[in-house]
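Breakdown of the fold
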Amino acid sequence: MSQPRSIAIIGAGLAGLSCAQALSAMGHHVQVFEKSRGVGGRMSTRSFEAWACDHGAQYFTATDPAFQQQVERWQAAGAAALWEAQVTSFEADGWQPIKPSVGRFVGTPSMTAPAKQLAKELTIHFSTTVDQLLREGSSWKLHSKEHGLHERTFDTVLLAIPSKQAEVLVQPHSAAMYARCQDAVMAPSWALMVYANERLPLDFDAAFINQGIFSWIARSSSKPQRTSGEAWLAHASTTWSLTHENTAKEEATALMVAGFESLTGYQPITFQSHLWRFARLGHATHHGHVFDDTLQLGLCGDWTSTEKVEGAWLSGQALAREV
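Summary of the structure given here.

Thresholds applied
Residues numbered from 1 in each chain as written. Predicted model: local features only at pLDDT ≥ 70, side-chain atom pairs only at ≥ 80, totals over all residues. Heavy atoms only, no water. Core = buried A, V, L, I, M, F, W, Y, C linked by side-chain atoms within 4.5 Å. Buried < 20%, exposed > 50% of the residue type's maximum accessible area, 1.4 Å probe, protein only. Helix = DSSP H or I, 4+ residues; strand = E, 2+ residues; numbered from the N terminus. Contact = heavy atoms within 4.5 Å. Pairing = 2+ DSSP bridges. Axes fitted to C-alpha atoms, helices over the stretch in contact; angles between N-to-C directions. Polar contact = N/O pair within 3.5 Å; in protein donor to acceptor, adjacent residues only side chain to side chain. Phe/Tyr/Trp six-rings, centres within 6.5 Å; stacked < 30°, edge-to-face > 60°. Lys NZ or Arg CZ within 6 Å of the ring centre and 35° of its normal. Salt bridge = Lys/Arg side-chain N within 4 Å of Asp/Glu carboxyl O.

What follows deals with the nonpolar core. Counting 56 residues, the largest nonpolar core has Ile9, Leu14, Leu17, Leu23, Phe60, Trp74 and Leu158 as its most contacted members. With seven residues, helix H1 (residues 14–25) is the largest single contributor of residues to this core. Other than its neighbours up to four places away in sequence, Leu14 contacts Gly40, Met43, Trp74, Ala115, Leu118, Val309, Ala312 and Trp313.

In the segment running from Thr108 into Pro109, the intervening peptide bond is cis, with an omega of 5°. In this structure, Pro109 sits in the loop between strand E8 (105–107) and helix H3 (113–119). Notably, Ser127 is not glycine yet its phi reads approximately 50°, a positive angle. Tracing the chain through its elements places Ser127 in the loop between strand E9 (123–125) and strand E10 (130–136). Residue classification places Ser127 among the partly exposed residues on the basis of a relative accessible area of 29%.

Right, let's talk about the sheet that holds strand E2 (residues 29–33) for a bit. If you trace the six strands from one edge of the open sheet to the other, you get E9-E2-E1-E13-E20-E19, paired in mixed fashion. Two strands close off the open sheet at either side, each with one partner strand: E9 and strand E19 (290–292). Pairs of neighbouring strands in the sheet enclose a mean axial angle of 20°, with direction left out of account. When strand E1 (residues 6–10) meets E2, the two strands line up parallel, connected through five bridges.

Moving on: the environment of Ser144. Tracing the sequence through the fold places Ser144 in strand E11 (residues 139–144). Dropping the residues within four chain positions of it, Ser144 is found in contact with Thr128, Thr129, Val130 and Asp131. Only 3.0 Å separates the side chain of Ser144 from the backbone nitrogen of His147, close enough to count as a polar contact.

A few words now on the packing of aromatic side chains. Any two aromatic rings considered together are summarised by their centre-to-centre distance and by the angle between their planes. Summed over all chains, the structure comprises 15 aromatic pairs. Taking the centre distance of 5.2 Å and the plane angle of 15° together, the rings of Trp51 and Tyr195 count as stacked. Here Trp51 is found in strand E4 (residues 51–54), whereas its partner Tyr195 is found in strand E14 (residues 185–196), with 144 residues between them in sequence. The burial state of Trp51 is the same as that of Tyr195; both residues are buried. Plain terms: the ring middles of Phe60 and Phe67 are 6.1 Å apart, the flat faces sit at 65° to each other, and that makes the pair edge-to-face. According to the relative accessible area criterion, Phe60 is buried, its value standing at 2%. For the cation-ring pair, Arg104 lies above Tyr59, with the distance from its terminal atom to the ring centre recorded as 5.2 Å.

Here the focus is the pattern of salt bridges. Oppositely charged side chains can pair when the atoms bearing their charge come close. The tally for this structure, following the rule as stated, stands at seven salt bridges. Its salt-bridge partner being Asp54, residue Arg226 comes within 2.7 Å of it at the nearest N-O pair. Placement of the pair is Arg226 in the loop between strand E16 (214–219) and strand E17 (230–236) and Asp54 in strand E4, with a sequence separation of 172 residues. Assessed through its relative accessible area of 15%, Arg226 is described here as buried. Overall, Asp54 belongs to the buried group, its relative accessible area being 1%. Salt bridges linked by common partners bring Asp54, Lys223 and Arg226 together as one network.

Pasting the structure below:
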């Protein structure tokens, strides 16, 4: 191994945590900076009164051998389990059952658990929105909106955040990285969380929706180790979310509530909504992670790979190996 480096990773989603854990295991001195109050990014669970609902990533699959081993470690630690859901699809001619083709895993007891497992021994600065990278000789300084200039300098800075957020930070330093960020367009996704006092009379746990407002609905409370009341998640389609990206929250929510009732026959009484502004890949070149050895500046994330949990984890691992 080369001399241990001081490394700043911006973003505590799965890609950033995967990268940070790998680099820490190699002996480097890693600090993670996260703008929110917790880890996991879109691997997120919303708690509300007696309910809880996974309102970001819904499940993950494992096809790569390295990621399969990681999932096994999560399972052994109690942080993930197989979700044996009854899955269907909604077509023009109605509901159609789907035979399971791959194992669908979820975090346990919530979707954030795998990220929390990766973060256990990492140094993470929460509520720290890095808004500027400053180059000082061969080192880096970070400036955040909340705390100003960070006191430490770093040999290497790695960005594990959505492309739209990363492009602002890399633009003054690398035209190539800026172009790569602009090339990967991320689309929004509206999410509706529906809470009920009784189990909805639907004979499935999840469904792919191929017409109308939504692209996916799921009984979040059917997932392993969920102890909350009846909770459903509905993700609007990319087309609908793009059309209503700037619609007032109350108006967009009302439209989704009406859509949920039309689809399921249940009129939601208690509900919440959330707009994920950088949720899905509009298009990308899929060139993978990026690292400039001269600048010691890198990029990773699901947007550099595939918009999947597995892709995010693999992207972080690949960037760590190159560093």
